[in-house]
2 protein chains.
Amino acid sequence: MTDDRRRSFWAWGWADKLPDDAERRELKTRIESMLGFPERPLLDYPTLDDVAMPDSRLDPPLDCCTTDTRERALHTYGRGYRDLVRGFHGDFGSAPDAVALAETEADVEDVLAWATEHDVAVVPFGGGTSVVGGVECGGDGYTGVVSLDLRGLNEVLEVDTTSRAARIQGGATGPEIQAQLADHGLQLRHYPQSYEFSTFGGWVATRAGGHFATRYTHIDDFVESVRAVTPSGTLETRRLPASGAGPDPNRFLLGSEGAFGVVTEGWARVQPRPPHRSRATVRFDDYWDAVEATREIAQARLQPANCRLLNAEEAMLNELAFDGSHLLLLGFESTDAPGVPKESLSRALAIAEDHGGTWDEATHEDREEEQAERDGEEGEWRASFIEAPYMFNALVSMGVLVDTFETAVTWDRFPDLHRALQDTVIEAMRETCGAGFLSCRFTHVYEDGPAPYYTLLAPAEVGNELEQWRAIKQAASDTLDDHGATITHHHAVGRVHREHYHREVPDGYLDALRSMKRTLDPAGIMNPGALL
Amino acid sequence: MTDDRRRSFWAWGWADKLPDDAERRELKTRIESMLGFPERPLLDYPTLDDVAMPDSRLDPPLDCCTTDTRERALHTYGRGYRDLVRGFHGDFGSAPDAVALAETEADVEDVLAWATEHDVAVVPFGGGTSVVGGVECGGDGYTGVVSLDLRGLNEVLEVDTTSRAARIQGGATGPEIQAQLADHGLQLRHYPQSYEFSTFGGWVATRAGGHFATRYTHIDDFVESVRAVTPSGTLETRRLPASGAGPDPNRFLLGSEGAFGVVTEGWARVQPRPPHRSRATVRFDDYWDAVEATREIAQARLQPANCRLLNAEEAMLNELAFDGSHLLLLGFESTDAPGVPKESLSRALAIAEDHGGTWDEATHEDREEEQAERDGEEGEWRASFIEAPYMFNALVSMGVLVDTFETAVTWDRFPDLHRALQDTVIEAMRETCGAGFLSCRFTHVYEDGPAPYYTLLAPAEVGNELEQWRAIKQAASDTLDDHGATITHHHAVGRVHREHYHREVPDGYLDALRSMKRTLDPAGIMNPGALL
C-alpha cells in the first residue's frame, strides 16, 4: 500500500477501482435480466464517517503500533461476502484495538513478546484477503487484539539462480515479488485470485492455491523452507529440495493459519516464464460427458496448466457461452520444449473428442514477450479472474448476495455431491431469498478427483444479508461434509469453516495440533478461534 | 512369508537366495581385482545355532504373540550393514522379548493396550528392511520390547477404478500389492529398493522413496488417506484428492516412524502401466558437465521417470562402463500419449548434447506387454537394483564393509558437498580400513537440487567392523550437516540418523513433535529412541 494509492477500508481492493455508478447500473441491469432477480436497489458506498467501532482498549508502547481509525477499519475483516456486507453497513464491531505495522522481524518478536505478557490476542493479517474469517478476532477472554501487518517486510532478499529459488519476506505481495524477481528473469508463478494483495506469508499460512490446474500451482509445492516467529522463539527449516527425515517440518507451518506463529520469510522455488503454450476451448452439450473427458485427461497425467471445466451456468456468468454448452478450457505450457505442450494438447483433444467435445482451433505460441500472458481466451480468463472480486463490492451495494465455496472430492463421489449441492444450495437460496443461481467450475484437477468451485448469487434483503448468508452457507457446508468432500480446497479454515474442519479431521489429530500449539504458543495468543 | 519360503533370520531377503560359494568366490575375486583390496576371507554364513540372545522377559497373554527364537532373531534388526554384521556374528543382544504377528486391526489395538498397561515398548516392524536402526530397540527403561509385525494384514481391501485409488492394509508388501492390483489392470508403481519385503505401512511411516527420478515416486505423493492405531485411539484421515484445510493430516503420519502409532491401512493413488516409453543412455567425459546437463534437464521440467546420473565409479561398480565415463540414464513414460515421452527425451538429449554428452541411440516403445518392464538398460538396472542388497550379504561374509548413504541438497551447494564427501569419507575409510571406494549416483532430481546416493566399500577387519563403520558413518553424516544437506532423502531417521536429524530441524519443531507424541502416546511406548 503506497501513500498515493489506498486500499478501500471496507471493500475488495484499491479504493480507486470501486465500480462507479455507470458500471454499477450496467451490472444491476445485467443481473436482473440474466438471472431474473427482482429489481435491485442501488445504495451508496460507505465513507469513513459511517464507520462504527468500539474504542481501542490498548495503547501498546511499540513504535510500530497504531490505533488510527482507518487502519483499524482496514484490519477488521477479510474480504468475504460477510466481511463486505458488514463493512458496507459500517459495522466494525470487531475492530482490532491496535494495528502493528512491522518493518522488521524484530518488530514481530516485540509484538509477540508484549502480547504474551499482556494477554493480548495477535492476528497475523497477511494481505487481509481471507474469505473465511481468518483475520477477524473478537478477542473474547483477552485484554485486546492486535492485528499484525507485515507490509514493511516485502523484499526478495536473495535469489539463487543456480537452484532457482528465492528468499522472500512474509509481507511481500504477488506484484512485489513479481517485480523483484523480474530482474533475474524469474517468476514465482503462484497466482491465487487474491494475488494483487495477498502475501507470501499468508500463502504459506493458508496453503494458498494458485491459478493453474495441476502441478506448480499450490504454494505447498513451491516452499523450500520457512522461517517463523512464534511466542516460544524463532524457527527456520533447512533449505532442501526434498528430505525424508521425519514428518515434513514445512508442512506443519503450511496451513497453520497463524495459530503457531507468524511466517516472516521463506525460500520458494522460482522459474522462468514458459514461452511455449498450446491451448484450446472445448464445448460439450452434456455436462457428464465433459466431466468424463476431464477425468480422463487428468488421469492421462498430461499435467495441463489449465483444465478448467465451466458448466453452462458458469460459462454464461463469465460471458463465454450463452447457448447452454459447457466449456473446458485447456492449456499446456513448457519452459523449453515446444513439442511437449503440442503433443499433450493433441492427446487431450482426442480424449475430449471421444466424449463428444468440439472446438474451433488449437493455438500454439512460442513467444518470449510478456504480452503472451494476456492474449487469448485463457489470458482474458486470467484478467477477469483477478478483477472478479471488484464486482463483488458492487453486488453488495445492490443487495445481491454473492459468495463462492470450493472443495475437492474423489471422482467416484463427485456426481452425487454435485447433484446434492444443486438441490440443497439452490433450495436454501429459494427459501431464504426467494431465488438463487449456482454455477460451477473446476479450478484444479487431480488423478483421483476434481476441485469444484461454486459461485452463488441471490437477491438479498438489505439489512438481513448475514442471516440469509448463514443459512445458505450452512446448507453448502453440510452437504460437502455429508458427501465426504473437504470443507476447503484452497480458501482455508479460519473461523467460518472451523466447525466443519473439526468434523473432517480425526479428533486425535486435532488433539495433537492443540498440543503443538501449547508448546509453541503457551499463552494461546496466536490468532485464537481460527483453525483450532 | 510363506511356510515354504523363508526369509533369512540375519541377512537381506529370502534364505534360498543367499549367494552360494561359487557366487561368493566370483564376487571376492571381482572386489579384490576391481577395487585393489587386500585378499579377503570367505567365512561361513551363520545358522540359527549360532544365535546368542537374552531370554525373553515377557509372556504376553495374547494369541498373536510368540517368543519363538527364529521369530525373535528375524525381528531383532533391520537390514543395514551394522545389522548384517551383527546378525552374521550371531549377536542378537537386542532381540525383542516377543513378536506380535497381528492378523487383524483388533490384534494391533490389543497389543498397544497391553503394552501401555505393562510399560512395554512396541516397535512396528513393517517389512524389517530399515537401514537406519528403525526397528531395533534395546528397551532400556521398559519392562520389555514387543516387535509388532502386520504381515497378516496384507490385503488390498477395495479398489476405486473411477478415482484410481486402492485401500491397502499396512502389512501388504510390494509384490502382494502388485498381485492384487493386477486384477484391476492397475499398479501402485512405488518401487523402493526394499520393494520385495517392505510394506505399505512401513512406506508411509518412513516416507519411502521410489525408483523413479521425479513425480509419482515418493509414497507421500500416492497417499490419499491414512488409518493408524495409536495408544490413544484409532484415527483415520478423510479420502481426498487434495485439501487446504489446516496442516495436511496425512503429513504428520508420513515420516512418523512408528513414534505416534501404527499405520494399519490407507488409500493410495494407483495407475495403469504406462506403455509408452522413450529412453537413452548418455555418456559424458566430464562429471561436472554431466551435472550441469542433469540440472538443466531437471529445470526444464520434463519430468523424466529416470534421470539417473552415475559417476564413473558408480558406472564401473554396476558394470555399465569401465572407461571412466559418467552415464546419465534417461527415461520418459506416458500412459497414453506416445508423443510426449518422445518430445521430452528429444529435448533432454539436446540439453545433454550442449554439455558434451553422446549416446548411441534413443529407444521408443509402445508396448502393452508386461515384458517391456524388463527390457533394455533401464530394465536391467531395475532388476539389479532390486537384487543388489543380496550381494551385501555376501560382502559381509568376506570382510568387506559396504554401506550406502543418501541426501538431497540444492544445486548451488552440491559441488562443494560432493568434493567434501569424497575427501572426508575416503579419508575416513583409509584411516580406519586402509583403503576405500566411494561412488555416487543421483536417484532423484528436483528443480532445485539433486538427491545424490553414495555407495562405499572398504576392506574391514573382521570382528572390528562396527567400530570401523561408525567412524566412516560419522564422517559422512557430519559432512552432510556441514554443507546444509539433509541427513536422509529416503532412508528415514530411525536411531542411526537421530543425532543429525535433531541438528537438522528446528528445536521448536522437535518440541512440537514431542508434544504430539505425548498426546497420542502418553505412556511413550511407541518405538522409543527412533526419530525423537
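Each value, and the rule that gives it
Residues numbered from 1 in each chain as written. Chains lettered and ligands numbered in written order. Predicted model: local features only at pLDDT ≥ 70, side-chain atom pairs only at ≥ 80, totals over all residues. Helix = DSSP H or I, 4+ residues; strand = E, 2+ residues; numbered from the N terminus. Rg over C-alpha atoms; globule rule 2.2 N^0.38 Å. Contact = placed C-beta atoms within 7 Å. Domains from an automatic or database assignment. Nonpolar A, V, L, I, M, F, W, Y, C, P; charged D, E, K, R; others polar. Pairing = 2+ DSSP bridges. Axes fitted to C-alpha atoms, helices over the stretch in contact; angles between N-to-C directions. Least-squares fit on C-alpha atoms with pLDDT ≥ 70 in both. pLDDT = per-residue confidence, 0-100. Buried ≥ 20, exposed ≤ 12 C-beta atoms within 10 Å, placed from the backbone. Arc of directions from axis to C-beta. Parallel < 35°, antiparallel > 145°, perpendicular 65-115°, else oblique.

A short note on the overall build of chain A
The number of helices and strands found in chain A is 16 helices and 16 strands. Relative to its length of 532 residues, chain A is compact, with a C-alpha radius of gyration of 23 Å against a globular reference of 24 Å. Referenced to the eigenvectors of the C-alpha coordinate spread, the extents of chain A come out at roughly 65 × 60 × 50 Å. Look at the contacts in chain A between residues 6 or more apart in sequence, and 73% of them connect residues 24 or more apart.

Observations regarding the domain arrangement of chain A
Accessible area lost on assembly of the parts is the figure often given for the size of an interface. Residue and element names in this part refer to chain A. What the domain assignment lists for chain A is domain 1 (14–43 + 388–490), domain 2 (156–269) and domain 3 (276–366). A C-alpha centroid distance of 30 Å is found between domain 1 and domain 2. The partner domain 2 presents seven residues to the six residues of domain 1 that form the contact. When contributions to the side of domain 1 that touches domain 2 are tallied by element, the ones reaching two or more residues are helix 12 (376–396) and strand 15 (437–446). Residue composition of the side of domain 1 that touches domain 2, by class: three nonpolar, three polar and no charged.

Quick look at the pairing of strand 8 (residues 233–236) of chain B
Regular strands place side chains that alternate from one sheet face to the opposite one. Residues and elements named next belong to chain B. The pairing of strand 7 (residues 223–230) with strand 8 spans four bridges and is classified as antiparallel. Bridge pairing in strand 8 places Ala228 opposite Leu235. Taking the residues that link successive antiparallel strands as the turn, the strand 7-strand 8 hairpin has two residues.

Remarks on the sheet that holds strand 3 (residues 120–124) of chain B
Residues and elements named next belong to chain B. One open sheet accounts for four strands, arranged 1-2-4-3; its pairing is mixed. Only two strands of the sheet have a single neighbouring strand rather than two, namely strand 1 (65–66) and strand 3. Pairing of strand 3 with strand 4 (residues 144–149), which is carried by five bridges, proceeds in the parallel orientation. Each residue of the ladder has a partner; that of Val122, found in strand 4, is Val146. Against the sheet, helix 4 (residues 105–118) makes contact with strand 2 (98–101), strand 3 and strand 4, and its axis sits at roughly 150° relative to strand 3, the strand it touches most.

Structural notes on the relation of the copies chain B and chain A
Laying chain B over chain A is done by rotating through 180° and shifting 0.0 Å along the axis; what remains is an RMSD of 0.0 Å. Both copies of the chain, as the preceding transformation shows, are related through a two-fold rotation axis. Both copies share a contact surface, since 100% of the interface residues of chain B are interface residues in chain A too.

Some details on the interface of chain B and chain A
Counting from both sides, the interface comprises 78 residues of chain B and, opposite them, 79 residues of chain A. For the side of chain B that touches chain A, the secondary-structure elements that each account for two or more residues are strand 7, strand 8, helix 8 (249–253), helix 11 (339–354), strand 15 (437–446), strand 16 (449–459), helix 15 (498–504) and helix 16 (507–520) of chain B. Among the elements that take part in the side of chain B that touches chain A, helix 16 of chain B stands out by supplying nine residues, more than any other. The residue inventory of the side of chain B that touches chain A, partitioned by class, reads 29 nonpolar, 29 polar and 20 charged.

Considerations on the confidence of the model for chain A
The predicted coordinates ought not to be read in detail in places where the model reports low pLDDT. In this model, chain A carries an average pLDDT of 95, and 96% of its residues clear a pLDDT of 70 or more. Under the prediction, the complex receives an ipTM of 0.96, its pTM being 0.97.

Concerning helix 5 (residues 174–182) of chain A
Residue and element names in this part refer to chain A. Where helix 5 is concerned, the buried positions are Gly174, Ile177 and Leu181. An end-on view of helix 5 places all buried positions within 70° of arc, on one side of the element. For helix 5, the exposed residues set more than 90 degrees away from the buried face come down to Pro175, Ala179 and Ala182. Those residues of helix 5 that are buried are in contact with strand 5 (156–160), strand 6 (165–169) and helix 6 (200–206).

Structural notes on the packing of helix 3 (residues 81–88) of chain A against helix 14 (residues 465–482) of chain A
All names here are of chain A. Between helix 3 and helix 14, the least distance of the axes is 10 Å, while the angle of their chain directions is 175°. Relative to helix 14, helix 3 is oriented roughly antiparallel. In this structure, helix 3 contributes Tyr81, Arg82 and Val85 to the contact, and helix 14 contributes Glu465, Leu466 and Trp469. Considering only residue class, the contact of helix 3 with helix 14 consists of four nonpolar, no polar and two charged.

Concerning the environment of A:Pro415
Residue and element names in this part refer to chain A. Along the chain, Pro415 turns up in helix 13 (residues 414–433). In this structure Pro415 comes out as partly exposed when scored by C-beta crowding, with 14 C-beta atoms within 10 Å. On a C-alpha basis, the gap between Pro415 and Trp288 in space is 8.3 Å, while along the polypeptide they are 127 residues apart.

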